Amino acid sequence: MTTTKHTADATTPASGSSPIRKARRPGQLKVRLVGGEPSEFDLVNGSAITFGRSRASRVVIDDASVSKVHFCLRAIDDGVELEDLGSKNGTWFKGRKIRRITLMPGDRFRAGDCEVQLLDVGQVDVDVAPNAECGLLYGESVVMRELFAKLQKLAPTPLDLLIHGETGTGKELTARTIHELSSRRKQPFVILDCSTLPSNLADATIFGFRRGAFTGAEYEQPGLFEQANGGTLFIDELGELSPELQMKFLRAVDGRQVARLGEPGNLRAVDVRIVAATNRDLNAEVRAGRFREDLFHRVAHGKLGLPPLRDRGLDVVLLAERFLRELAVDREPVGIADDAKTALVTYDWPGNVRELKNMIRRAAFVCDDGEIRLEDLELGRPHGWEFKLAKTLEDSKSHNYESLHLLVDRVYLPAVLEEHRSISASSRHLGISRVRLRDRLKALGLYDISDS
């Protein structure tokens, strides 16, 4: 029998068709509160479904033991990720309190006194870009190429856009990419960072002022809306705006007109495209009454979710190598040893791409012989599981990086399990907790309850 090798995640378009390709990823969840009826939810890439007692949650659970916003579920390439959102009574899986784990169909967990079961995970076909680069963004994973396909569709339009993502995922780079792919690319790109906006200077900064409008106003000053005229105004951390400023923003965005301080009634027309970004769940903020619904809908004509680095697979190594090539312009090239690559892939990256870039830059300057090794990285405890796993693989001398995922996920971990017969003994051998090893195995589809 002969077999034909196909790409794992995409199909090549027929000749003459659009360069956009198709890929499959988790796209629909079926869950139920034990004792209740099943519910189905569509998963948008990069966004999460929140569960809790208050209307701030997308799914409301009417139980006093459940926190206002208790936990969330999101799609990742390997399945569905469950994350506790700082709940009072915790989220529990098989008797252990968890912060974040990967679930498989059939799994049950507890939020407060409520038991929840993940019944099924449906796959959906999504559009993905054929290339690993889009503007200032880079990545070969399905989640990133899906983002690139959306960017290519939305960036050339006049629509105002909302970008959502964790801190460090690249929201500003995404906004700059949108600007560069639009017809406004030769016009100004102006940044308004709401998280650092002084409350006493907010109006003057955003809308401008005339000479003499207030003490110290000794000259005419256009605001950020006027400075961005003809181009793009990037509003970073939109969710940090005060209720008063939200109202003023709504008027400016809705009418594309602003009045400088000291010039009441003198409205100046501005031609700006709004690209906003936030690390908050603005849907939840709207439901909680902390963010204006009309402003949310006004700036979110199109939405883009940025995936965290932990969900991007081997992109972490590709990005690290890319950062090193940028450094090599001014100094000798630096490489990455296999043990360091293994640790990069298995680390959680709470600071996302920003954390990776800073870590690789530091390691490039302290490493010896032009190669970053495991000991050059600052990844958690010096005897943590990333280090022990990477060191064991390096000592074996039986692998190369091209087969890293296969070796680590499908060969090494199962071999440890087979040798030690249980997750408890295997976790002791690896130097990690039972929960973390089990979560990793579940994410890989290798978990068997009989191994526990």
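The structure contained in this document is the topic of the report that follows.

The rules behind these values
- Counting of residues starts from 1 at the beginning of each chain's written sequence and follows it residue by residue.
- Only residues with pLDDT of 70 or above have their local features reported here, since the model is predicted, and side-chain atom pairs are shown and tallied only from 80 upward, although totals for entire chains, interfaces and linings are computed over all residues.
- To get the side-chain values, all heavy atoms of the structure are used, and hydrogens and water are removed first.
- Working definition: helices are DSSP H or I runs of at least four residues, strands are E runs of at least two. Numbering for both runs from the N terminus.
- The cut-offs for exposure are 20% and 50% of the maximum accessible area for each residue type, with area from a 1.4 Å probe on protein chains only; residues under the lower value are buried, those over the upper are exposed, and the others partly exposed.
- Nitrogen and oxygen atoms within 3.5 Å of one another constitute a polar contact, given that in protein one can donate a hydrogen and the other can accept it, and given that sequence-neighbouring residues count only through two side-chain atoms.
- In what follows, residue pairs with any heavy atoms lying within 4.5 Å of each other are defined as contacts.
- Axis definition: a line fitted to C-alpha atoms, limited for helices to the stretch in contact. Angles are taken between N-to-C directions and run from 0 to 180 degrees.
- An angle below 35 degrees is read as roughly parallel, one above 145 as roughly antiparallel, one from 65 to 115 as roughly perpendicular, and any other as oblique.
- In this scheme, a crossing is called left-handed if the near helix is turned counterclockwise away from the far one by less than a right angle; it is called right-handed if the turn is clockwise.
- In this classification, Asp, Glu, Lys and Arg are treated as charged, Ala, Val, Leu, Ile, Met, Phe, Trp, Tyr, Cys and Pro as nonpolar, and every other residue, Gly included, as polar.
- To qualify as a nonpolar core, a set must consist of buried Ala, Val, Leu, Ile, Met, Phe, Trp, Tyr and Cys residues joined through side-chain atoms within 4.5 Å.

The next point concerns the side chain of Ser87. Here Ser87 is to be found in the loop between strand S6 (79–84) and strand S7 (91–93). The exposure class assigned to Ser87 is buried, which follows from its relative accessible area of 10%. Of note is the side chain of Ser87, whose polar atom sits 3.2 Å from the side chain of His70. When neighbours within four sequence positions are excluded, Ser87 is seen to be in contact with Ser67 and His70.

Below, the discussion takes up the packing of helix H8 (residues 315–327) against helix H10 (residues 352–366). A pair of packed helices can be characterised by two numbers: the angle between their axes and the separation between those axes. At a minimum axis separation of 10 Å, H8 and H10 run at an interaxial angle of 50 degrees. On the basis of their axis angle, the class for H8 and H10 is oblique. In the packing of H8 onto H10, the handedness of the crossing is right-handed. Side by side, H8 and H10 meet where Val316, Leu319, Ala320, Phe323, Leu324, Glu326 and Leu327 of the first sit next to Val353, Leu356, Lys357, Ile360, Arg361, Ala364 and Phe365 of the second. Grouping the amino acids of the contact of H8 with H10 by side-chain chemistry returns eleven nonpolar, no polar and three charged.

The next subject is the nonpolar core. By size, the foremost hydrophobic cluster in this structure holds 32 residues, and its most contacted members are Leu192, Phe225, Leu233, Ile235, Leu238 and Phe249. Sorting the residues of this core by element identifies strand S15 (189–193), helix H3 (202–207), helix H4 (224–227), strand S18 (232–236), helix H5 (243–255), strand S21 (273–278), helix H6 (282–287) and helix H7 (293–299) as the ones contributing at least two each. The element best represented in this core is H5, accounting for five residues. Excluding its chain neighbours within four sequence positions, the residues that come into contact with Leu233 are Val190, Leu192, Leu224, Phe225, Ala228, Arg273, Ile274 and Val275. Residues Ala132, Val317, Ala364 and Cys367 belong to the second largest nonpolar core, which totals 29 residues.

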